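# Fold and contact review
One letter stands for each residue in the lines below.
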Amino acid sequence: MKSAFLPDRSVVKVAGEDARNFLNGLITTDLDRLKPGLGRFGALLTPQGKIIVDFLITEVPAGHGGGFLIDCPKALAEGLATKLKFYKLRAKVTVENLDLGVLAAWDGQLAAQPDLAFADPRNDALGTRILIPEDLKQKLSDLIGAELVDASDYEAHRIALGVPRGGLDFMYSDAFPHETNMDRLAGVDFDKGCYVGQEVVSRMQHRGTARTRSVKVLLDDLSPEAGVSVMAGDKPVGTMGSSAQGKGIALVRIDRVADALDAGQPLTAGGLAVRLAEPDVVRIPLKQPIA
């Protein structure tokens, strides 16, 4: 089993008697389905339905003070806390940044179950998240029976699984949840009540209008730089994201990529060959007629 402390992650706490209802009215995931020991994937959106910040969230046991802990990008933690404080109005909630980080553990079973640990809900293979101060990373790794490795090892694992990372595989405030596969990674609860941006997200879901998607790609030898255009011939069809060990993630117009595949056109990024790991993912299923 491996573990890695993720230096790019931080933790924001939301507590108080109104915390659950307050967050439920803002974010894409349903906190009524959350309890201590579990995690949910979600996001705070703009009113236009674009991702301000995506995160994992877990509930704190009552014995540890209750409330919710949000595992989010470190660079966006202060902005998230500020945004939540802006929305709280008269709600009885407190919002604070904690001196905690994230230890990810994967490829095995934990030898012990620490506090503030939960399975990553996006993909079983991503393993477990443990919210701890950085100075405990070795002690916790020893406790759970994991070899502490560099964060780049976790990044390679994430990329191989095709799980997008904001700031690399898509830009915050510029991407809809469907474009980053949040609908496929248990990040949007379509049956919950209203939240910020919900109307746009629901419309994309019911009309099947998502034409841009994050896809897994395979690379030969060298990796293109993140941000370079993915090309089909001389036409741009997407943008390259993160890559490692011959695998990568790209944000592409799936209809244009499907046309290129049908025409036998190879894909390139920065002059380097790019192949889809799962070519069928760009095929949009035909809507079934309503009887």
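Residues numbered from 1 in each chain as written. Predicted model: local features only at pLDDT ≥ 70, side-chain atom pairs only at ≥ 80, totals over all residues. Heavy atoms only, no water.

Within an unreviewed UniProt entry, the label attached to the chain reads Folate-binding protein, and the organism entered is Bradyrhizobium japonicum.

## Describing the overall build of the chain
Selection rule: Counting from the N terminus, the helices are DSSP H or I runs at least four residues long and the strands are E runs at least two residues long. Using C-alpha atoms as the atom set, the radius of gyration is obtained and then compared with a globule rule of 2.2 Å times the number of residues to the power 0.38. Contacts: residue pairs with any heavy atoms within 4.5 Å of one another. Surface accessibility follows the Shrake-Rupley procedure with a 1.4 Å probe radius. Residue values consider only the protein chains on display as shielding. Positive charges are assigned to Lys and Arg, negative charges to Asp and Glu, while His and the chain termini are left out of the count. Where a charge sits is defined by one atom per residue type, namely NZ (Lys), CZ (Arg), CG (Asp) or CD (Glu).
What the chain contains, in helices and strands, is 6 helices and 16 strands. In terms of overall dimensions, the chain is globule-like: its C-alpha atoms have a radius of gyration of 20 Å, near the 19 Å expected for 291 residues. Across its three principal directions, the C-alpha atoms of the chain cover 60 × 50 × 35 Å. For the chain, restricting intrachain contacts to residue pairs at least 6 apart in sequence, the fraction spanning at least 24 positions comes to 68%. Surface exposure of the chain reaches about 14000 Å², of which carbon and sulfur atoms provide 50%. A gap of 5 Å separates the mean positions of the 34 positive and 38 negative side-chain charges of the chain.

## Here we look at the sheet that holds strand β8 (residues 117-119)
Quick reminder of the rule: Two strands are said to pair when DSSP picks up at least two bridges between them. Inter-axis angles, ranging from 0 to 180 degrees, are taken between N-to-C directions of lines fitted to C-alpha atoms, where helices are fitted over the stretch in contact.
If you walk across this open sheet you meet the 5 strands as β8-β9-β7-β1-β10, and the pairing is mixed. What marks the edges here is a single partner per strand, and that holds for β8 and β10 (147-148). Where β8 lies against strand β9 (residues 128-132), 3 bridges are found, and the strand directions are antiparallel. Residue pairing in the sheet places Phe 118 in a bridge with Arg 129 of β9. Across the sheet, helix α3 (residues 137-144) touches β1 (2-6), β7 (101-106), β9 and β10, and the angle it forms with β7 is around 30°. Along the sheet, helix α4 (residues 151-161) contacts β1, β7 and β9; its crossing angle with β1, the most-contacted strand, is approximately 105°.

## Things to note about the pattern of salt bridges
Between side chains of opposite charge, a pair can form as their charged atoms come close. Going by this rule: By definition, a salt bridge exists where a carboxyl oxygen of Asp or Glu is found within 4 Å of a side-chain nitrogen of Lys or Arg.
Counted according to the given criterion, the structure contains 18 salt bridges. The network of salt bridges with shared partners includes Asp 8, Glu 155, Arg 158, Arg 165 and Asp 169.

## Thoughts on α3
Rules: Summary of the burial criterion: residues with accessible area below 20% of their type's maximum are buried, those above 50% are exposed, and those between are partly exposed, where the area comes from a 1.4 Å probe applied to protein chains only. Taken from the helix axis, the directions to the C-beta atoms give the arc we talk about.
Restricting attention to buried positions, one finds in α3 the residues Leu 140, Ser 141 and Ile 144. Here the buried residues of α3 occupy an arc of 100° about the axis, which is enough to place them on one side. Opposite its buried face, α3 presents the exposed residues Lys 139 and Asp 142, each directed more than 90 degrees away. Tucked inside the fold, the buried residues of α3 contact β1, β7, β9 and β10. One or two residues past the end of α3 sits Gly 145, with phi positive at roughly 80°.

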